[in-house]
Amino acid sequence: MLDPGSAVKKTKIDKSTSSVPAKAIVGGILAGFVFGFLLQKGGVGTYHILIGQLLFQDWTVVKIMLTAIVVGMIGIFTLHHFAKVNLHTKPTKLGPNIIGGLLFGVGFALIGYCPGTAAAALGQGSWDALFGMAGLVVGSWLYAEMSDPLKRTVEKWGNFGKLTFYDLLPVPKGVVVVSAAGLLTGFLVVLQAFSVR
Amino acid sequence: MSTLILRLFALSIAASAAYSQAALAIEPALDSRNYPGAAWSPYLVGAGIGVLSWLTFYFYDKPIGASSFYATVAGMIGKAVAPKHTNELDYFKDNPPKLNWEFVFVLAAVAGAAVAAWSGGEVFNEWVPEMWRARFGDSLALRGAFAFGGGVLMAFGARLAGGCTSGHGISGTLQLNVASWIAVICFFVGGAIVANLMFRI
């Protein structure tokens, strides 16, 4: 199904759509609408379902995320194999990934929504999400305000550049993708067997 | 090898399931499973989001992500209030705040969720969530303060980590980015510690 690591497509595909703002804006609206619709139907705009995940009572969030990852992974790497999509690899920087990740987590428990699910919460009439969204704007501003000193300090800690698991593992990329999808599916099967919700 | 890993997974899930079963006995009002569940199966919703990500990659060359929306809003407000200062900030030099794909994506998500809630008869129309009320009372000031403070920390963390539960948690992890798997694990570790302190102590 997938090519060995040596044949990784490096070419940047020219997507005419990305250079046409109006078309991209319409696309963003369509995709966002579907995303919000799915989040609400999945229950992840709901405070007790999100907080229930953090309390290990309700596994809805993890089930949705892992299913999206498995389905998305298979499709994206297949499309990439046929040079139909670009990958968007984010740089691995241990310092900011871990410190930022933990700060995010603390905020996650306090607000009970995340940046995307807060939008779903607002849409379904959970008005407390408005306070959270105001906080998200303020927090983003604080980061921007500090972005220069942060760039020179924390963001330099443990920088490995753009790094993926198929770069790290000494096996072909296709094998890594199929194994990861299999492993995560196995995890979901076990999770389904043991979780009440 | 892989069967061993699967067994370890099974064991860890069984342990946490047993842990949450034990917790159920403590107080029903603080168990999220005593409140209504989702309208649709998590597998259907997850698969839908997975397919949606194929489409956004293919048609728009965009991974799904939500947190940069808030930075764009912050930058837009900044530009209106203090344009010179805002333009000098490093982050906004790299990410100019303007109407873009990510901006309309989150706004449209609010509309999509509204249609979903309305079509399923799940319009909440409430200021303080039920489970919060069971633990912390019905003060909107308290709930608002926690949600606001949580939002500040969350956005700061997302910008530092390079993404949120969507950008790292779904789009980055599905591309097998090491950064995204580290970040998403930290999201849940930090979240689980604080949520358990809030609801179980």
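Located above this text is the structure these notes cover.
Residues numbered from 1 in each chain as written. Chains lettered and ligands numbered in written order. Predicted model: local features only at pLDDT ≥ 70, side-chain atom pairs only at ≥ 80, totals over all residues. Heavy atoms only, no water.

J.: Sorry, what's going on with the overall build of chain B here?
T.: A count of helical and extended segments in chain B gives 10 helices and 0 strands. Overall, chain B shows an N-to-C arrangement of helices and strands of α-α-α-α-α-α-α-α-α-α. The 201 residues of chain B split such that 53% are buried. Looking at chain B alone, contacts between residues at least 24 apart form 53% of all its contacts between residues at least 6 apart. A total of about 8,600 Å² of accessible surface is found on chain B, and carbon and sulfur atoms cover 69% of it. (Helix = DSSP H or I, 4+ residues; strand = E, 2+ residues; numbered from the N terminus. Buried < 20%, exposed > 50% of the residue type's maximum accessible area, 1.4 Å probe, protein only. Contact = heavy atoms within 4.5 Å. Areas by Shrake-Rupley, 256 points an atom, 1.4 Å probe, with all protein chains shown as cover.)

J.: Could you clarify how one ought to interpret the interface of chain B and chain A in this entry?
T.: Accessible area lost upon the coming together of the parts serves often as the stated size of an interface. If you look at the interface, chain B gives 135 residues, while chain A gives 132 residues. Among the residues of chain B in contact with chain A, Tyr-70, Met-154 and Leu-176 of chain B are the three that bury the most area, contributing 7% of the side total. Remark: the boundary between chain B and chain A carries 3 salt bridges. Measuring nitrogen to oxygen at the nearest pair gives 3.0 Å for the salt bridge that ties Asp-90 of chain B to Lys-151 of chain A. Summed over the shared surface of chain B and chain A, the number is 43 residue pairs in polar contact (both at pLDDT 80 or more). The element contributing the most residues to the side of chain B that touches chain A is helix H10 (residues 178–200) of chain B, with 19 residues. Its residues placed into classes, the side of chain B that touches chain A shows 88 nonpolar, 36 polar and 11 charged. (Buried area = accessible area lost by both parts, 1.4 Å probe. Salt bridge = Lys/Arg side-chain N within 4 Å of Asp/Glu carboxyl O. Polar contact = N/O pair within 3.5 Å; in protein donor to acceptor, adjacent residues only side chain to side chain. Nonpolar A, V, L, I, M, F, W, Y, C, P; charged D, E, K, R; others polar.)

J.: How should the nonpolar core be read in this particular structure?
T.: In globular proteins that are soluble, nonpolar side chains generally tend to be buried together. If you look at the biggest cluster of nonpolar residues, it comprises 92 residues, and the most contacted ones within it are Met-73 of chain A together with Ile-49 and Leu-176 of chain B. One finds Tyr-143 of chain A together with Phe-92, Phe-156 and Leu-160 of chain B within the second-largest nonpolar core, a separate group that totals 10 residues. (Core = buried A, V, L, I, M, F, W, Y, C linked by side-chain atoms within 4.5 Å.)

J.: Looking at this structure, how should I read unusual backbone geometry?
T.: The general pattern is negative phi for most residues beyond glycine and trans for most peptide bonds. Of note in this structure, Ala-83 of chain A is not a glycine but carries a positive phi near 55°. Within the secondary structure layout, Ala-83 of chain A lies in the loop between helix H3 (60–81) and strand S1 (91–93). The exposure class of Ala-83 of chain A is partly exposed, given its relative accessible area of 29%. Unlike most non-glycine residues, Leu-176 of chain B shows phi in positive territory, near 60°. With respect to the secondary-structure elements, Leu-176 of chain B resides in the loop between helix H9 (167–174) and H10.

J.: I keep staring at helix H8 (residues 140–161) of chain B and nothing clicks. Help me out?
T.: For an α-helix, 3.6 residues make a turn, and residues three or four places apart therefore share a direction. Given a rise of 1.5 Å per residue, 22 residues ought to cover 32 Å, and the 30 Å separating the end C-alpha atoms of H8 of chain B matches this to within 8%. Just beyond H8 of chain B, the residue with positive phi is Gly-162 of chain B, at close to 95°. (Expected span 1.5 Å × (residues − 1).)

J.: Hey, could you run me through the packing of helix H1 (residues 21–41) of chain A against helix H2 (residues 42–60) of chain B in this one?
T.: Angle between the axes and distance between the axes are the two parameters that describe a pair of packed helices. Running from N to C, H1 of chain A and H2 of chain B point in directions that differ by 170°, and their axes come no closer than 10 Å. The orientation of H1 of chain A with respect to H2 of chain B, classified from their angle, is roughly antiparallel. Taken together, the residues of H2 of chain B that come into contact with H1 of chain A (itself represented by Lys-23, Ala-24, Gly-27, Ala-31, Val-34, Phe-35, Leu-38, Leu-39 and Lys-41 of chain A) are Val-45, Gly-48, Ile-49, Leu-52, Thr-56 and Tyr-60 of chain B. Taken together, the residues of the contact of H1 of chain A with H2 of chain B break down into 10 nonpolar, 3 polar and 2 charged. (Axes fitted to C-alpha atoms, helices over the stretch in contact; angles between N-to-C directions. Parallel < 35°, antiparallel > 145°, perpendicular 65-115°, else oblique.)

J.: Would you mind going over the packing of helix H2 (residues 47–54) of chain A against helix H4 (residues 94–111) of chain A with me for this structure?
T.: Residues and elements named next belong to chain A. One can describe the packing of H2 onto H4 by two numbers: an axis separation of 9 Å at closest approach and a directional angle of 135°. When the interaxial angle is binned, H2 and H4 end up oblique. Like other packed secondary-structure pairs, H2 and H4 cross with a definite hand, here left-handed. In this structure, H2 uses Tyr-47, Leu-50, Ile-51 and Leu-54 to contact H4, whose residues at the interface are Phe-108, Ala-109 and Ile-111. Here the contact of H2 with H4 is built from residues that sort into 7 nonpolar, no polar and no charged. (Left-handed = near helix turned anticlockwise from the far one by under 90°.)

J.: Can you walk me through the side chain of Gln-40 of chain A in this structure?
T.: Positionally, Gln-40 of chain A belongs in helix H1. By relative accessible area, which is 1% here, Gln-40 of chain A ends up buried. Aside from chain neighbours lying at most four places away, what touches Gln-40 of chain A is Ala-120 and Gln-124 of chain A together with Ala-113, Ala-116, Ala-117 and Glu-122 of chain B.

J.: Explanation requested: the side chain of Thr-89 of chain A in the structure shown.
T.: Relative to the helices and strands, Thr-89 of chain A is located in the loop between H3 and S1. Discounting residues that sit within four places of it in the chain, Thr-89 of chain A has contacts with Lys-162, Leu-163 and Thr-164 of chain A together with Gln-175 and Asn-177 of chain B.

J.: It is not clear to me how the packing of aromatic side chains should be interpreted in this structure. Could you clarify?
T.: According to the stated counting rule, one finds 24 aromatic pairs over all chains in the structure shown. Seen from their ring centres, Trp-132 of chain B and Phe-146 of chain B are 5.2 Å apart, and the 65° between their planes marks the pair as edge-to-face. Of the two residues, Trp-132 of chain B is situated in helix H7 (residues 130–136) and Phe-146 of chain B in helix H8; the sequence distance between them amounts to 14 residues. Of the aromatic side chains, those joined through ring pairs into one cluster are Phe-35 of chain A together with Tyr-58, Phe-59, Tyr-60, Trp-101 and Phe-105 of chain B. We note Lys-173 of chain A situated over the ring of Tyr-166 of chain A; from NZ or CZ to the ring centre the distance is 4.9 Å. Note that Arg-143 of chain B overlies the ring of Trp-132 of chain B, its terminal NZ or CZ placed 5.0 Å from the centroid. (Phe/Tyr/Trp six-rings, centres within 6.5 Å; stacked < 30°, edge-to-face > 60°. Lys NZ or Arg CZ within 6 Å of the ring centre and 35° of its normal.)

J.: Honestly, the state of the cysteines in this entry has me stumped. Any pointers?
T.: Defined simply, a disulfide is a covalent bond joining two cysteines at their sulfur atoms. Counted under the stated rule, the structure contains 0 disulfides over all chains. Take Cys-114 of chain A: it sits in no disulfide, and the sulfur closest to it among the cysteines is that of Cys-164 of chain B, at 6.8 Å. (Disulfide = S-S within 2.5 Å.)

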